[in-house]
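Summary of structural features
Here are the chains, one letter per residue:
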There are 2 protein chains.
Amino acid sequence: MLSLAAHSLCVRATGYQQSLHSIATVISGNKTSKIVRERLKKEVEKMASQFSGFRPGLVVLQVGIEAKHIRLPNTTTQDEVLHSIMSVNENACVHGLIVQLPLDSANCIDTEFVTNAVSSQKDVDGLSCINAGKLSRGDLNDCFIPCTPNACMELIRQTGVFVAGKHAVVIGRSKIVGAPMHDLLLWNHATVTTCHSKTPDLPEQVGRADILVVGAGRAEMVRGEWVKEGAVVIDCGINHVPDETRPSGKRVVGDVHYSSASQRAGYITPVPGGVGPMTVAMLMENTVQSAQRFLLKLRR
Amino acid sequence: MLSLAAHSLCVRATGYQQSLHSIATVISGNKTSKIVRERLKKEVEKMASQFSGFRPGLVVLQVGIEAKHIRLPNTTTQDEVLHSIMSVNENACVHGLIVQLPLDSANCIDTEFVTNAVSSQKDVDGLSCINAGKLSRGDLNDCFIPCTPNACMELIRQTGVFVAGKHAVVIGRSKIVGAPMHDLLLWNHATVTTCHSKTPDLPEQVGRADILVVGAGRAEMVRGEWVKEGAVVIDCGINHVPDETRPSGKRVVGDVHYSSASQRAGYITPVPGGVGPMTVAMLMENTVQSAQRFLLKLRR
């Protein structure tokens, strides 16, 4: 099994130097994801040379609107979706399967049921309850970690700030961001506080965070003045706000008010160009990891 | 499916009145567990009358030392344990199966693998990764909640203190206490901080807790002076310490220094007589719930 340490990116050598002036160092997802993609390319080449022509396989299954690979019509029934998933589960050439949510069908489809039909060995999105259970209970080497929190963790590691013993605050408790982010920080030995819509004293909670990860889905809700001096701030938000100065009439902002937060944070991710590109790289990472596990089993 | 609300105990009418003087109200596990057992007795009678002679079935599978039901010798192999589990999984008269840990065998047994072999529908201990995954991601109505945190939650509810919006602190992150306790408090809408052996500022973290649950396994480690005035303090610890004044030469204490903490807490559980007896009642609760789900499926 791949160890957690091995799973961590080999990007420390290119890590940032904290800036001496008071403005936060920007953690670039574009830069880091490029490093990951280059490393993965080499790993795939290595697999192909060791097992003639072998390639990691990924299937994206999507219902309705634009699809990448398996596109089911929006008249699809739950049984048809499950049948599709089963055939991918059984296909030895595929090492990863993600089901694009929401399932945009005219028929009633049980999202939980469909998500859990994906073989836990091919669940590179890490959303099945088997993988969630392992992550939440600390079995990190034996599961797939959801791509967004995995991306955040790599961006945090890249700053060189040690996570163990730090106070981390996560805003949000969604299945794809907040909840697994809590787990990852906890099992990397941070003291972790999870905040959400029912938290009455968010500014005070944020003010105690050495590491702050925000996945709240509300434009610029975290104000710079809440942020602890020198904190690592990771912003998972992607919000469209009106902007008349742009040809499109809108622009993308995160869940953190960037210009004020960057005055106080030690490190901060921009939106766009932060967590987003890293998330895509992490999906590739999980697929390559899945293919490696598959090959390890072949060798035994 | 049983709703979370229905799952909550009907003990509010007997709830405590907070004492006017400064010493904490004692939350009695003995008293509450008696109420639960009486309610369960009625529910079992109801099932037996509706489905002639039906009874919820529970199997405890234990390797080595004293056993209740299925006792496998300590020369048992992993395959034999798995075979035993499979036959219980398939037995329609059994609605709950718990595997007593640690598995005290001379042979090497993979505890994780064995725990996850128990059908998630009969896993009344709530320790399989499927049940852990559901709990950690907020699907509380569709899973079994481990007995100790379930017991703690009922004891908290009984005080009448609302959990939503409160700051809860959990000390410990074990699979059977701390980690699921975090999940339960979070999905009951508390802001939750998880502390553990790597937390450098435990007294400060504890001092911010409106609700404090301790599952650290260290005798009297939480000092009264750390506790926030009026907090609800739930102590999961069971530690044996030397006591020459006792015939046995020892006594049982919790993870909280009771006499000092009761001077500051609003409510506190004693050890013994707090979480312990409630945990046993919760195992019965889960078994009855499992039997009810089984009957619901029969009816469809």
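Attention now goes to the overall build of chain A. Within chain A, the regular secondary structure consists of ten helices and eleven strands. For chain A, the proportion of its 300 residues judged to be buried stands at 47%. For chain A, long-range pairs separated by at least 24 residues make up 65% of all intrachain contacts whose partners lie at least 6 apart in sequence.

On the chain B side, the residues contacting the 25 residues of chain A number 25 residues. When contributions to the side of chain A that touches chain B are tallied by element, the ones reaching two or more residues are α5 (129-136), α7 (178-187) and β6 (191-195) of chain A. Residue composition of the side of chain A that touches chain B, by class: nine nonpolar, nine polar and seven charged. Alignment of β6 of chain A against strand β6 (residues 191-195) of chain B, held across three bridges, turns out to be antiparallel. From the neighbouring strand, T194 of chain A faces β6 of chain B, where its bridge partner is V192 of chain B.

Our next topic: unusual backbone geometry. With an omega of -5°, the peptide bond between L101 of chain A and P102 of chain A qualifies as cis. Inspection of the secondary structure assignment puts P102 of chain A in the loop between β4 (96-99) and α4 (111-117). Cis peptide bonds are those with omega within 30 degrees of zero, and the linkage from V271 of chain B to P272 of chain B qualifies with 0°. Relative to the helices and strands, P272 of chain B is located in the loop between β11 (267-268) and α10 (275-299). With a phi close to 75°, H189 of chain A is a non-glycine residue in the positive phi region. Note that H189 of chain A resides in the loop between α7 and β6. Within the chain, E220 of chain B stands out as a residue other than glycine whose phi angle is a positive 50°. Assignment of secondary structure puts E220 of chain B in the loop between β7 (211-214) and β8 (232-235). Judged by local crowding, E220 of chain B falls into the buried class, with 20 C-beta atoms found within 10 Å.

Here is what the cut-offs are and how they apply
Residues numbered from 1 in each chain as written. Chains lettered and ligands numbered in written order. Predicted model: local features only at pLDDT ≥ 70, side-chain atom pairs only at ≥ 80, totals over all residues. Helix = DSSP H or I, 4+ residues; strand = E, 2+ residues; numbered from the N terminus. Buried ≥ 20, exposed ≤ 12 C-beta atoms within 10 Å, placed from the backbone. Contact = placed C-beta atoms within 7 Å. Nonpolar A, V, L, I, M, F, W, Y, C, P; charged D, E, K, R; others polar. Pairing = 2+ DSSP bridges.

That is the geometry; function is a separate question.
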